[in-house]
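Each chain is listed here by its residues.
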Amino acid sequence: MSRVEGLRANSSQFTLEGEPFRILGGSIHYFRVPRAYWEDRLLKMKACGLNTLTTYVPWNLHEPERGAFNFQDQLDLKAYVGLAAEMGLWVILRPGPYICAEWDLGGLPSWLLQDKGMQLRTTYPGFVDAVNLYFDELVPVIKPLMFEEGGPIIAVQVENEYGSYARDEKYMPFIQNCLRSRGITELLLTSDNWEGLRYAGMEGVLKTINLQRLSFGAIHHLADLQPQKPLMVMEYWSGWFDVWGEHHHVFHAHDMLAVVSEILTRGVSINLYMFHGGTSFDFMNGAMDFGTYKPQVTSYGKGYNYPRAQTPKNKGCFFIRFPLTNALLLPVFINVSYADYDAPLSEAGDCTTKYQLLRNLLSQYHCNVLQPRGLFPLLIFFT
């Protein structure tokens, strides 16, 4: 089924199917949530009052070895986007190739580094060839899910925060062409923080901004860069990630709510990053190194200090199984303390204070009463 007009950014307000539309989005990464819980998490997103799901696509999981692609099981992107459609959610896809996401090498496959002359995120021929092969495989998967094909994907992001990197002026037009030349006609957009917005934009690609607090006139700055265009906070940081050895980051719920409320009052579209963080399985958590190496913790969602599982001999013992590889590790006899992104929906899928406050706020932007929260019991099995 084809449609006539998808998401448009031709004036100061988005339109969808010719009608005014506000994006109320939230990020949930399918690769950070066991597939058995996808439905639960998306139901809770819908029940919170959001209308749009955003997700990255991790190239390094989908092509772990050069030329060997995987879009099955836990990495079944088509099934995930289709499930969002069943929930009545629109989708903004963020396929990279670089995604950041506090993910190993920002989602770029490590085998790229076998080329000793490799220049990542540039038009270096070795990188261009690999990116072209990636999009050759990815686009046939996602194109039938586009709005014009009857699917839920209303926009696609070009790369990720390239303005903060910006080492090759030909690179972003190359990624734009990778999408357009393969038949992606939906709205394209970029995502940058304040400093990254200084990078020159591209014709026909909407700029959006990433932030946590409304300081230094960030929204006005974006408006000045794009007169008579809709404004969007593509990443409203509902919390922040943690690194090993440092204190846990907490962004208090009422502080978050005040900023979200102000953004909505100004008529700006928003995407909560993260709405539900999940878990970085299989040692795929990323790291920062600005002189000091700082690896991010495994947990990417709201966590707790879990007590030990009690065995008959009163010893804490459990096994960890990674869903992406199904690898079973040795039994562990320690307490587990999870740090978190402090997202509205916890790593375990529980509704936090942030969730409740957001739901109350977002209910003011809906004509109908929000559906009951889809809460399902969490079963934990200890050995």
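Just above, that's the structure.
Residues numbered from 1 in each chain as written. Predicted model: local features only at pLDDT ≥ 70, side-chain atom pairs only at ≥ 80, totals over all residues. Heavy atoms only, no water.

(A) Representation of the pairing of strand 7 (residues 153-157) in the model. Counting buried positions along strand 7 gives five out of five residues, so the element sits mostly inside the fold. Pairing analysis gives three bridges linking strand 6 (residues 90-94) to strand 7, with the strands arranged parallel. Bridge assignment links Ile92 to a residue of strand 7, and that residue is Ala155. One ladder, built from three bridges, connects strand 7 with strand 8 (residues 187-192); its direction is parallel. Its bridge partner lying in strand 8, Gln157 is registered against Leu189. With helix 5 (residues 171-180) bridging strand 7 and its parallel neighbour strand 8, the resulting β-α-β unit is right-handed. (Buried < 20%, exposed > 50% of the residue type's maximum accessible area, 1.4 Å probe, protein only. Helix = DSSP H or I, 4+ residues; strand = E, 2+ residues; numbered from the N terminus. Pairing = 2+ DSSP bridges. Right-handed = clockwise from strand over helix to strand, strands pointing away.)

(B) Focus on the sheet that holds strand 8. Taken together, eight strands build a closed barrel; the order of strands is 4-5-6-7-8-9-10-11 and the barrel is parallel. Ignoring which end each strand starts from, the neighbouring axes of this sheet average 30 degrees apart. Sheet strands touched by helix 6 (residues 218-225): strand 9 (205-211) and strand 10 (232-237). Its angle to strand 9, the strand with the most contacts, is close to 170 degrees. (Axes fitted to C-alpha atoms, helices over the stretch in contact; angles between N-to-C directions. Contact = heavy atoms within 4.5 Å.)

(C) Quick look at the packing of aromatic side chains. Within the structure shown, the criterion is met by 17 aromatic pairs. Look at Tyr30 and Tyr80: their rings are 5.4 Å apart centre to centre, the planes differ by 40 degrees, and that puts the pair in the tilted class. Taken as a pair, Tyr30 in the loop between strand 4 (24-28) and helix 1 (38-48) and Tyr80 in helix 3 (residues 77-86) lie far apart in primary sequence, 50 residues in all. The burial state of Tyr30 is the same as that of Tyr80; both residues are buried. Measuring from centroid to centroid gives 6.2 Å for Tyr56 and Tyr273, while their planes differ by 70 degrees, and the two rings are edge-to-face. In this pair, Tyr56 sits in strand 5 (residues 52-56) while Tyr273 sits in strand 11 (residues 269-276), placing the two residues 217 residues apart along the sequence. (Phe/Tyr/Trp six-rings, centres within 6.5 Å; stacked < 30°, edge-to-face > 60°.)

(D) Examining the sheet that holds strand 2 (residues 15-16) more closely. The antiparallel open sheet is built from three strands, whose spatial order is 1-2-3. Two strands lie at the open edges of the sheet, namely strand 1 (7-8) and strand 3 (19-20), each paired on one side alone. Inspection of the sheet shows strand 1 paired to strand 2 by two bridges, in the antiparallel sense. Paired with Arg8 across the two strands is Thr15, which belongs to strand 2.

(E) Up close: the packing of helix 4 (residues 125-142) against helix 5. For the pair helix 4 and helix 5, the least separation of the axes is 10 Å and the interaxial angle reads 25 degrees. The angle between helix 4 and helix 5 places the two elements in the roughly parallel class. With respect to the hand of their crossing, helix 4 and helix 5 are arranged in right-handed fashion. Between helix 4 and helix 5, the contacting residues are Phe127, Val128, Val131, Asn132 and Phe135 on the first element and Tyr171, Phe174, Ile175, Cys178 and Leu179 on the second. (Parallel < 35°, antiparallel > 145°, perpendicular 65-115°, else oblique. Left-handed = near helix turned anticlockwise from the far one by under 90°.)

(F) Structural view of the environment of Leu345. Structurally, the position occupied by Leu345 is in the loop between strand 17 (336-337) and helix 8 (353-362). C-alpha of Leu345 to C-alpha of Tyr355: the two residues are 10 residues apart in sequence and 6.3 Å apart in space.

(G) How the structure looks around the pattern of salt bridges. Going through the model one piece at a time under the given rule, you end up with 11 salt bridges. The partner of Arg94 in a salt bridge is Glu235, and the shortest N-O contact between them spans 2.8 Å. You can see Arg94 sitting in strand 6 and its partner Glu235 sitting in strand 10, a full 141 residues away along the chain. Pair check on accessibility: Arg94 and Glu235 agree, each one buried. Taking the shortest distance from any N to any O, the salt bridge between Arg266 and Glu262 comes out at 2.9 Å. (Salt bridge = Lys/Arg side-chain N within 4 Å of Asp/Glu carboxyl O.)

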